[in-house]
Amino acid sequence: MLANPQSRGVVSFFLGFLLCYALLAAYLRSKCYRDPSSIFFRPESARVLTYSTFRKAQAQKFGDLAALHPPPKFSNLTAPELCVGVGSVSRSGFSYLKETLGSILEGLDSLERQRIYLVVFLAHTDQSQHEDFRQPWLLNMADRLPTYPDDLEIINLVRQLEADGGYEAHARKQKIDYTVLLDECAKVNPRYTMTLEDDVIALDGWYHRALTALQTATRKTKELGRDSFLYLRIFYDGRLLGWNSEEWPLYLGSSVAIFLVEVTVLAALRWRISYARKVITLPIFFLLCCVCTPMVIGLFFAGGRNCMLPKAPGVHLMRKYGCCAQGLVYPQSQVVDHLLPLYRNTEDNHAAVDTFLENWADARDDLRWAVTPVLIQHVGGKSSHGAGDQKSGSLTDDMPFDYSFEMNNPVRLAEEHRLWVSEMKEWEST
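Novice: Got a minute to help me understand the overall build of the chain in this structure?
Specialist: When you go through the chain residue by residue, the secondary structure sums to 16 helices and 9 strands. Projecting the C-alpha coordinates of the chain onto the three principal axes gives extents of approximately 90 × 55 × 50 Å. For the chain, buried positions account for 49% of its 430 residues. Accessible surface, the chain as shown: approximately 21,100 Å² in total, 59% of it carbon and sulfur. With 45 positive and 49 negative side-chain charges, the chain shows a separation of 9 Å between the mean positions of the two kinds.

Here is the structure:
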């Protein structure tokens, strides 16, 4: 058989293809190990907190210094550009709050800090139950440390929910806690309100990136003929942006389209060009279309969606697969007109606040934007309501995580941040 020149050509072609295929697979194995939707995903390597560890160390140092020397706070001269609300509950010996607050404030120029109003709510009727109650660094970093409103009915309800401790009680209490945070922010009339969970790490320069993204979201909202958007998401779970099963018709249709285009092009070449008929013989034709192309398509999907089709940097609509409520920024009009009445008046105890909000937004067809790359990372392994690794507090596979965050370059981020501050100071001086 191999004595036949045509057969030798087919075998040589296929062996060459297999060599290229193996090299491509090896390349994808080294490139796509951070994508949880990839067969090359290596969680033990992808979940290493590279940049987060660096940022945690900066945050801890900032917190230690803040305990001794109070850092600058919000200037009361004008309404803040941004109110940051952080709700925190005890995790029975674990606390990420110092690192979270430190990462928010560390690196901020005084020009930035005076435009930020920081509200930290220890969400207990008896706040002494929280590990960080009355810590000097907390008193010196926060602009406001609210308590539950002086309303006996609300306090008794929260006490009942605290004693219950189940999922439904957690879901109900969450909405009360968010009401406290949003109400405190509303008192200072910021332009935007950001809610953060207490187990996240913010990257250096998060503030100017958030402002830029909000400006883009506002512009894109107007281009869509809408007056407002619900929120800007600054974190999303990378695990949910893979090849989603409900989109299989799209994947199948795209694969079939590629196959048909290839067959059409090769057939046309064979029909119109005599030399092509000698090169693209019928065995080669069928090998390309029926073996090589399906193998390449299969490897494409095996590489994972985030790796093969990563989201471009910028601001994108994200009505699905957002998860979760680690970091959201709302225009203040949404807070006052919709969110405060929504959380204050609901008695829902079936959905956590993120699911509850998404269901409400779906019913109203609200615009929800997300910024890429994300501005914060979720680092909490011990949940406030029983999820995750409750013994050691380490990250587990079921916890929200953005795998690209750890690839941040601290030197580049610091330089980008410095340039933005310099430009802002120059602009304000003119």
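Novice: Any chance you could explain unusual backbone geometry here in plain terms?
Specialist: The general pattern is negative phi for most residues beyond glycine and trans for most peptide bonds. Cis peptide bonds are those with omega within 30 degrees of zero, and the linkage from Thr 372 to Pro 373 qualifies with 0 degrees. Inspection of the secondary structure assignment puts Pro 373 in the loop between strand E8 (368-372) and strand E9 (376-378). Even without being glycine, Ser 92 reaches a positive phi, approximately 55 degrees. Structurally, Ser 92 is set in the loop between strand E1 (82-88) and helix H4 (97-105).

Novice: I would appreciate a short explanation of the sheet that holds strand E2 (residues 116-122) in the present structure.
Specialist: Remark on secondary structure: sheet strands pair via backbone hydrogen bonds, oriented parallel or antiparallel. What the 7 strands build is an open sheet, ordered E2-E1-E3-E7-E5-E8-E6; its pairing is mixed. The open sheet has two edge strands with one neighbour each: E2 and strand E6 (314-317). Ignoring which end each strand starts from, the neighbouring axes of this sheet average 25 degrees apart. Judged from the 2 bridges that link them, strand E5 (residues 231-233) and strand E7 (residues 327-331) form a sheet pairing that is antiparallel. Bridging across to E7, Leu 232 finds its partner in Val 329. The strands that helix H8 (residues 167-186) touches are E1, E2 and strand E3 (192-197); relative to E2, the one it contacts most, it runs at about 150 degrees.

Novice: What is the right way to look at the confidence of the model for the chain in this model?
Specialist: As a general rule, the predicted coordinates of low-pLDDT regions are not to be interpreted in detail. Chain-level statistics for the chain give a pLDDT mean of 91 and a share of 95% at 70 or above. Across residues 387-393, confidence stays below pLDDT 50; counting only partners more than four residues off in sequence or on other chains, it has 19 contacts.

Novice: Would you mind going over the pattern of salt bridges with me for this structure?
Specialist: Opposite charge on two side chains permits them to pair, given that their charged atoms come into close proximity. Scanning the entire structure with this criterion turns up 22 salt bridges. Across the pair Arg 144 and Glu 184 runs a salt bridge, and its minimum N-O distance is 3.0 Å. Taken together, the residues Arg 144 in the loop between helix H6 (136-141) and helix H7 (152-164) and Glu 184 in helix H8 connect sequence positions 40 residues apart. Across the pair Asp 366 and Arg 364 runs a salt bridge whose closest N-O atoms are separated by 2.8 Å. Taking the relative accessible area as the measure of exposure, Arg 364 reaches 35% and is therefore partly exposed. Each of Arg 233, Glu 358, Asp 362 and Arg 368 takes part in a single network of salt bridges with overlapping partners.

Novice: Is there a simple way to explain the nonpolar core in this structure?
Specialist: Side chains that are nonpolar tend, in soluble globular proteins, to be buried together. Of all hydrophobic cores here, the largest spans 54 residues; its most connected members are Val 84, Leu 101, Trp 206, Leu 232 and Ile 234. Sorting elements by how many residues they give to this core places helix H9 (residues 206-223) first, with 7 residues. Ranked by size, the runner-up nonpolar core spans 18 residues in total, among them Leu 182, Ala 325, Leu 342 and Val 353.

Novice: Got a minute to help me understand the packing of H7 against H8 in this structure?
Specialist: How two helices sit against one another is set out by the angle between their axes and by the gap between those axes. With their axes 9 Å apart at the nearest point, H7 and H8 run at an angle of 145 degrees to one another. Crossing of H7 against H8: the hand is left-handed. Every residue of H8 that contacts H7 at Ile 154, Leu 157, Val 158, Leu 161, Glu 162 and Asp 164 is listed here: Ala 169, Arg 172, Lys 173 and Ile 176. Its residues placed into classes, the contact of H7 with H8 shows 6 nonpolar, no polar and 4 charged.

Novice: In this structure, what is going on with the pairing of E1? I would like to understand it.
Specialist: Looking along a regular strand, one sees the side chains alternate between the two faces of the sheet. By the criterion of burial, E1 is predominantly enclosed, with 6 of the 7 residues buried. Sheet topology note: the E1/E2 ladder contains 7 bridges and is parallel. Bridged to Leu 82 within E2 is Ile 116. Both E1 and E3 contribute to a ladder of 6 bridges, which runs parallel. Of the residues in E3, the one forming a bridge with Val 86 is Leu 196.

Novice: Would you take a moment to explain the state of the cysteines for this structure?
Specialist: Evaluated as defined, the whole model comprises 2 disulfides. The side chain of Cys 32 participates in a disulfide bridge whose partner is Cys 307; the two sulfur atoms lie 2.0 Å from each other. The sign of the S-S torsion, about -60 degrees, decides the handedness of the disulfide formed by Cys 32 and Cys 307: left-handed. Of the two residues, Cys 32 sits in the loop between helix H1 (5-31) and helix H2 (43-46) while Cys 307 sits in helix H13 (residues 305-308), which places them 275 residues apart along the sequence. Grouping residues by exposure puts Cys 32 and Cys 307 together as buried. The disulfide partner of Cys 83 is Cys 185, and the gap between their sulfur atoms is 2.0 Å. Disulfide Cys 83 to Cys 185: torsion about the S-S bond roughly -70 degrees, handedness left-handed. Placement of the pair is Cys 83 in strand E1 and Cys 185 in helix H8, with a sequence separation of 102 residues. Both residues of the pair, Cys 83 and Cys 185, count as buried. For Cys 20, which is in no disulfide, the shortest distance to another cysteine sulfur is to Cys 292 and amounts to 10 Å. A residue is classified by how much of its surface remains accessible, and Cys 20, at 51% relative accessible area, is exposed.

Parameters and conventions
Residues numbered from 1 in each chain as written. Predicted model: local features only at pLDDT ≥ 70, side-chain atom pairs only at ≥ 80, totals over all residues. Heavy atoms only, no water. Helix = DSSP H or I, 4+ residues; strand = E, 2+ residues; numbered from the N terminus. Buried < 20%, exposed > 50% of the residue type's maximum accessible area, 1.4 Å probe, protein only. Areas by Shrake-Rupley, 256 points an atom, 1.4 Å probe, with all protein chains shown as cover. Lys, Arg positive; Asp, Glu negative; His and termini not counted. Charge placed at Lys NZ, Arg CZ, Asp CG, Glu CD. Pairing = 2+ DSSP bridges. Axes fitted to C-alpha atoms, helices over the stretch in contact; angles between N-to-C directions. Contact = heavy atoms within 4.5 Å. pLDDT = per-residue confidence, 0-100. Salt bridge = Lys/Arg side-chain N within 4 Å of Asp/Glu carboxyl O. Core = buried A, V, L, I, M, F, W, Y, C linked by side-chain atoms within 4.5 Å. Left-handed = near helix turned anticlockwise from the far one by under 90°. Nonpolar A, V, L, I, M, F, W, Y, C, P; charged D, E, K, R; others polar. Disulfide = S-S within 2.5 Å.

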